[in-house]
Amino acid sequence: MKQKIAVVSLGDCRQSFYDTRKHIAEEETKKLVDSLCGYYDVFAPEVVFTIDDALKTADEIRRQLIVQVVIHIPIWVTPNLALRIAGSTPYPVVLFGNTRKDSSSTVALLATAGMLGQSGKNCKRIIGDIRNPEILQKVRDVLDAVNVVEGLRRSSFGMAGGRSIGIGTTVADPSQWQRIFGVEFDHCDQYEIVYRAKELDEVRVKRHMDWVKEHFTIQYGGLFTEDKLELQIRSYLALKDIAVERCYNFMGVKCQPDMSDHFVLQCLGVALLNNNADADGSKEPVPTSCECDCDGALTMRLLSLCTGGKPSCLVDIRYFSGEEKEFILANCGSMAPYFADPENSEHAFKETYLLQHVFGQAGGAAVQMVAKAGAITCARLIRDNGNYILTCFEGYIYEKPREELRKTNYCYPTQFIRADIDYERFFNTMNSNHLHTVYGNFKEVLRNFCEITGIGFICYNRL
């Protein structure tokens, strides 16, 4: 479903003068609305000529619960008409104009932006031909960033367990999350997974068990047996039910060492929560971090919102080289099968291997794959002296044979990434061993997200 946005064109209180240049305004408005309709559900009300028009339009924007607003300045307009429209959303508005010499759009945009700036209302000034892909992308980056901020503010996080194996960067302050991001932060004990797993409907368990055995490539061995696989599936269904019942949009699961040593490894359950399909068919991913990495889960939710709801993941920074311009990112097993082939879910499952794990006395499978080639955005919310900073870079996943994984850790899901970044700066500022990825290019959306939320931003890309 497309996001709903408002595109409001302003007019001139001098109606007779406006009418002499009405044809320019109509041409520019049509270009803008037509271009944005390809990506959004556009609410485009009548041209605003008076303060009363502006108030009525702002009320309608609020009534429709629209938070992404473009104020269009096609020719000279009356600047103060923008104030009420801008007040219809708590977020920055896009002020869009054109560079036509016969329009006077530039002078009107500067007058309007200056007035809003004086009053403390943030706006993003964008000017040019909307049919230019670069100009269109600038508008989309702002609108999508507003959608991400609003999406986070409507999100609830579920922390199952607590800090895992002493990794201090995985903990977070719930009140700080609520203040900056508006996120609800809840906690449940991992024992809920244990007792729910035992009480599940047997028919449901068998259906998911049969589906996993049919779709994944399974190689039993050591502490990974069919009985342990069933317990991992029961754990997944328990987590899935917890997320639904408690209205969690994203989660973190501690796993180590409690569950991994005394119940069953949680890798498969976390991987399936992160995925966009299971035995019940297509589903919305629930971004879920292992080791109960709170800031990691928040980054995953953020990245998933950037994509419109596609899977994101948590990976360890296993290796990077400035000389080779390469990263090897791999984690113990929580990557969604989606990453094995984003375009073909059936093939993705077959390319996902369930193997004996390298740790966990309780047993269970690791979820192994090599991520499919494609453009990628890597990001991580870190804290420096208590202040949040969003770090990111764009790169490209390339593929290597599965045997290449033996050079790091064979049973781990892995991404091989090439990226032209400042590796020295990355090494000296990355306050986390975890990184998070999604397919696509979103660094400008993330930049705008940080401007809106008022947190720091570091982009490691050289260009």
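Quantities reported herein were computed from a predicted structural model and do not represent experimental measurements. For every chain, the first residue of its written sequence is number 1, and the numbers climb from 1 along that sequence. Local features in a predicted model are, by the rule used here, given only for residues with pLDDT of at least 70; side-chain atom pairs are given and counted only at 80 or more, and totals for whole chains, interfaces and linings are based on all residues. Hydrogens are left out, water is left out, and the side-chain values use all remaining heavy atoms of the structure.

1. What about the sheet that holds strand β8 (residues 217-218)?
Piece 1. Whether two strands pair depends on DSSP finding at least two bridges between them. By the criteria applied, helices consist of DSSP H or I runs no shorter than four residues and strands consist of E runs no shorter than two, each listed in order from the N terminus. Taken in spatial order, the three strands make up an open sheet running β8-β15-β16, and their pairing is mixed. What marks the edges here is a single partner per strand, and that holds for β8 and β16 (365-368).
Piece 2. As defined by bridge partners, β8 adjoins strand β15 (residues 353-356) across two bridges and the pair is classed as parallel. Each residue of the ladder has a partner; that of Thr-217, found in β15, is Tyr-353.

2. Here's the deal with the nonpolar core
Piece 1. For this analysis, a nonpolar core means a set of buried residues of the types Ala, Val, Leu, Ile, Met, Phe, Trp, Tyr and Cys, connected via side-chain atoms within 4.5 Å. Whether a residue is buried, partly exposed or exposed follows from its accessible area with a 1.4 Å probe, protein chains only, as a fraction of its type maximum: under 20%, in between, or over 50%, in that order. In this structure, Phe-327, Phe-339, Leu-354 and Phe-393 are the most contacted members of the largest nonpolar core, which totals 68 residues.
Piece 2. Top element by residues in this core is helix α10 (residues 226-245). It accounts for eight residues.
Piece 3. What Phe-339 contacts, discounting residues up to four positions off in sequence, is Pro-311, Ser-312, Cys-313, Met-369, Val-370, Ala-371, Lys-372, Gln-415, Thr-437 and Tyr-439.
Piece 4. Core analysis: the next-biggest nonpolar cluster, separate from the first, contains 37 residues, Tyr-91, Val-146, Leu-152 and Val-183 among them. We call two residues in contact when some of their heavy atoms are within 4.5 Å.

3. Topic: the pattern of salt bridges
Piece 1. Salt bridges are defined as contacts in which a side-chain nitrogen from Lys or Arg sits within 4 Å of a carboxyl oxygen from Asp or Glu. Under the counting rule described, the total for this entry stands at 35 salt bridges.
Piece 2. The partner of Lys-56 in a salt bridge is Asp-52, with the nearest N and O atoms 3.3 Å apart. Residue Lys-56 and its partner Asp-52 are both found in helix α3 (residues 51-63); the two are separated by four residues, about one turn of the helix.
Piece 3. The partly exposed category is assigned to Asp-52, whose relative accessible area is 42%.
Piece 4. Here Arg-62 makes a salt bridge to Asp-59, at a shortest N to O gap of 3.1 Å. Here Arg-62 and its partner Asp-59 are both found in helix α3, three residues apart, which amounts to about one turn of the helix.

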